[in-house]
Structures are given as C-alpha cells and as structure tokens.
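Chain by chain, the residues:
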Amino acid sequence: MALVDCDPLMRVTWTDPVTGKHGYLVVHSLVAGLATGGTRMRAGCTLSEVEDLARGMAFKTAIFDLPVGGAKGGIDCDPKDPQAREVLRRFVQAMRPWIDAHWVTAEDLGVPQHLIDDVFADLGLDQSYHAAIRRSADPEFTLSRVNAGLHSPVPGGYQLGDVVGGYGVAQSCLGVVAARDWTPGETTVAIQGVGTMGGGAAWYLHEAGLKVIAVADAAGALYDPDGLDIPTLLELRDRYGEIDRSQLPADIERLPRQAVLGIEADVLIPAAVSYAITPANAGDVSAQFVIEAANAATTPEAEAILAARNIPVIPDFVANAGAAAWAWWLLLGRVDADPVLSFSVLRQEMLAKIPPLIEAWNSDRATPRATALRLADRQTQYLRAAEADGELLVTIP
Ligand SMILES: NC(=O)c1ccc[n+]([C@@H]2O[C@H](COP(=O)([O-])OP(=O)(O)OC[C@H]3O[C@@H](n4cnc5c(N)ncnc54)[C@H](O)[C@@H]3O)[C@@H](O)[C@H]2O)c1
C-alpha cells in the first residue's frame, strides 16, 4: 500500500484530568521502532489535524531519506492560556511510554523548543529528542552534541535550532527563484506568520536580497511594496511571534491579517496555521508560487484551484522539512554545532529537491506534491524492504 493511502499505526486521544482539554498523539509509521514529529498547541486543534500532520511527517522523513517514521502531537489549548504550560507537562507525562521508547518530539506551532525542553526537564528527562538519545551508545555525548547544535549562536542573535527550519524554507524559495531564472533582488515575497518558521524564512530571504513586501502575524498584516525592514520587525516580536505595533515605522501599511494571502508578490509563504488556503480564498492568491512553510497550509481542493490558475505549490513535506531533517542529522552526527556546516548541508539537500518538482510541473503539469509523493513512496518502499530483511541498522553515535 502506498504511503499516502495508509491509515496511521496508532491514534491516542488524551483528556487532561485538570482542565478537561484534549491532546492527541498520532504515530503514522515507525521505522526501526522510532517516529518523529513536533507537538503543537492551538485552540481548536483536532485529532484529524494531528493525523494529517503525522502523515506529513512520514512524507518528510521519506523524502529526506531519514531512518525514522512520522508522528505528531497536538493539544487543543490556546498557548496564551495561563494553564498552557501545565497542560503541556501533563500531556508529556501521559505520553511517557511513547516518549521513552519511540516518539522523538520537538517544537511546533505554539510550542517553542525551549518550552518543550523545560517541560521534559521538569519530568527528569534530558531533552525532547529523548527516545533517540537514550538509544545512543553514549547518551551523554549525543545529548551534548544535540544541545550544542540547538543552542549554537548564529548572526542576528538567534540560535541555530530556532532558525534552521526557516533557513530551509528560504532555500526552497531560492530553489524556485533559480529554476524560474528570477533575479533575487527583484523577487517579492509575502509571508503569513513570523514565528519560528516564518521569521526564520523572512530573515534568510531578506539576507539573500529578496524583497519581503508583506508579513502577517495573528494581529494583522504589514505591507510595504518597496520591501519591509525584516531585521527591525523581527526585533519587535514577542514570545508568541507577534510584532509590537506601538513601535512600527509609520510608513508601513497595516492590513487585515487575511490580506497577506492576496498580496501581489512572486512568492507566497504560508508559515502560520494549517488550512490557511481554502477554496474560499484560493481565488485571492496573487502570487506565482506558493511555498508551504506551515504544515498542511493548503487544502487539497484549494491546491486544485491554484493548479488550475497555474500557481504551483511546493508542499510542506519538502519546503519545511529542513527542521526535521536537520534534527536527525544532528542526532546521527552528520552535522554538529558548526552553523556553517549545517547551513551548507541543508542548502545542498534542499536545492537538489526543488528542480525535479519544477521540471515535472513545466513538462506535464504534474503538481510538485504529486511528484514529491512519488519520490517519498519510492523511498518508503526501500526502507520497508530493508527493515523486513533486517538490514535497517540505525546507529546513533
Ligand atoms: N517550528 C518548527 O520547527 C516547525 C517545523 C516545520 C513546520 N512547522 C509548521 O510551521 C507553522 C508555524 O509554526 P511555528 O513553529 O513557526 O509557529 P510559531 O508559534 O512560532 O509562530 C506562529 C506565527 O503565526 C502567526 N499566526 C498565528 N495565527 C495566524 C493567523 N491566523 N494569521 C496570520 N498569522 C498567524 C503568529 O502570530 C506567529 O507569528 C506550523 O504549521 C508548524 O506546524 C514548524
């Protein structure tokens, strides 16, 4: 059975005994007994959303040739709720059997990496990659490499682990720019969301000389057709990824948050919520390309509308997979605390993945998602065959 058609291996629904809020863990697939995927928190999060995201994680690990299956955690709670941290702690505690043995989790929407690591520490666990770290021949050594990589300082005052996913999104965008033969300095970008993924993508695209002309956070959209001063705007963010409006330069136009989807830019990067582009608003999209930094950013129906309008979508499981791939390269020792090495490996891997998707679109209008799914499926068959033959040996150094 193709990866895309599989039912998940396991779905867990948890009820918080204190608040009655619900949390979900979906393990789509295990490879060598492990699955990976972040934990998100948002009011209204559902089991079917977490199921979609877990499946997406399985595609990401397949397409990046990582020896691990896909999973996801989700909690139906507003991350600004005063009880949010305790709800997350109780969720992690309840998922301990999976967290100890099989599920490697990390940050996601509404849950930054430092928060999930703090919660793991509360429970006496080293770090959110615990299930993989404890398999290592030398867990202490692996843990110190993981921590050194996550916290390695990078320009802008950031830490590598916080920006590497956005860097990968920026590279996928630069892959599109190169494939289309666009001039970076004349290429315009609109980004929905300026948290971990959207903020990182904005930073590296701005650094590469592209014009980021619009960004949105939960409070609204900001627009400047000449290009926004991204470093200044990112400085004004709070811990929820919202920009302080009281300190905004006066010449920035303020728009309703949904307006970012209709901005006339070469590239639109949804980097906030899932299901951002739906049939109701797909007709508003004015970009030539959509690059999904957010997971499940475009519904299938909306993607069909965009394809009919000649707007291809680079799917989440390629465009934003840098975050997951990098975490595994760090666990497996392919990268370390050196940001130059991490950026170089991710750039090469991402730039190699974009051209086949665009060639298939140009030659026979195969959507990038369809092409990428075919590649992910092929890789999954290899992994399953290797596992069945007992040849899949995953060594974490
Ligand atoms: N963090 C990761 O490592 C990672 C990796 C891969 C994919 N993703 C995906 O990227 C997306 C964003 O995750 P994140 O970690 O950057 O989240 P985050 O919580 O750090 O930031 C979210 C951003 O989106 C904004 N936002 C929220 N609702 C909005 C709305 N309706 N309209 C406009 N802006 C809105 C917030 O204000 C904030 O700027 C999610 O879909 C997540 O699954 C995250």
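Residues numbered from 1 in each chain as written. Predicted model: local features only at pLDDT ≥ 70, side-chain atom pairs only at ≥ 80, totals over all residues.

A. Region of the structure containing the overall build of the chain. Each helix and strand in the chain was counted, giving 14 helices and 15 strands. For the chain, whose C-alpha radius of gyration is 20 Å, the value lies close to the compact-globule estimate of 21 Å for 397 residues. In terms of its C-alpha atoms, the chain occupies a principal-axis envelope of roughly 55 × 50 × 40 Å. Per-residue burial over the chain gives 50% buried out of 397 residues. Put simply, 66% of the contacts in the chain that link residues at least 6 apart link residues at least 24 apart. (Helix = DSSP H or I, 4+ residues; strand = E, 2+ residues; numbered from the N terminus. Rg over C-alpha atoms; globule rule 2.2 N^0.38 Å. Buried ≥ 20, exposed ≤ 12 C-beta atoms within 10 Å, placed from the backbone. Contact = placed C-beta atoms within 7 Å.)

B. View of helix 14 (residues 368-388). Helix length check: helix 14, at 21 residues, gives a terminal C-alpha distance of 30 Å against a target of 30 Å (1.5 Å per residue), a fit within 8%. Buried within helix 14 we find Pro368, Arg369, Ala372, Ala376, Thr380 and Leu383. Angular distribution of buried residues about the axis of helix 14 spans 85 degrees; they occupy a single face of the element. Facing away from the buried surface of helix 14 by more than 90 degrees, the exposed residues are Arg378, Tyr382, Ala385 and Ala388. Where helix 14 is buried, its residues touch helix 1 (47-63), helix 10 (300-308), strand 15 (313-314), helix 11 (316-319) and helix 13 (339-364). (Expected span 1.5 Å × (residues − 1). Arc of directions from axis to C-beta.)

C. Quick peek at the site of the ligand. What surrounds the ligand is a group of 29 residues, the closest being Gly193, Gly195, Gly241, Ala272 and Ala294. Elements supplying a minimum of two residues to the shell around the ligand: helix 8 (196-207) and strand 10 (211-217). For the shell around the ligand, the leading source of residues is helix 8, giving 3 residues. A per-class count over the shell around the ligand returns 11 nonpolar, 12 polar and 6 charged. Counting the residues that make up the shell around the ligand, at least three belong to each of domain 1 (3-135) and domain 2 (158-366). (Near = placed C-beta within 6 Å. Nonpolar A, V, L, I, M, F, W, Y, C, P; charged D, E, K, R; others polar. Domains from an automatic or database assignment.)

D. Molecular detail of the domain arrangement of the chain. Per the domain assignment, the segments making up the chain are domain 1 (3-135) and domain 2 (158-366). If you average the C-alpha positions of domain 1 and of domain 2, the two centres end up 24 Å apart. Each partner contributes residues to the interface: domain 1 has 21 residues there, and domain 2 has 18 residues. In terms of residues, the side of domain 1 that touches domain 2 owes the most to one element, helix 1, which gives 9 residues.

E. Spatial organisation of the sheet that holds strand 14 (residues 289-291). Across the sheet, 7 strands lie side by side as 12-11-10-9-13-14-15; this open sheet has mixed pairing. Here the strands that pair on one side only, and so sit at the sheet edges, are strand 12 (253-255) and strand 15. Here strand 11 (residues 220-223) pairs with strand 12 via 3 bridges, running antiparallel. Counterpart to Tyr223 in the pairing with strand 12 is Glu253. Helix-sheet contacts for helix 7 (residues 160-179) involve strand 9 (188-192), strand 13 (267-270), strand 14 and strand 15, and the interaxial angle to strand 14 is about 160 degrees. (Pairing = 2+ DSSP bridges. Axes fitted to C-alpha atoms, helices over the stretch in contact; angles between N-to-C directions.)

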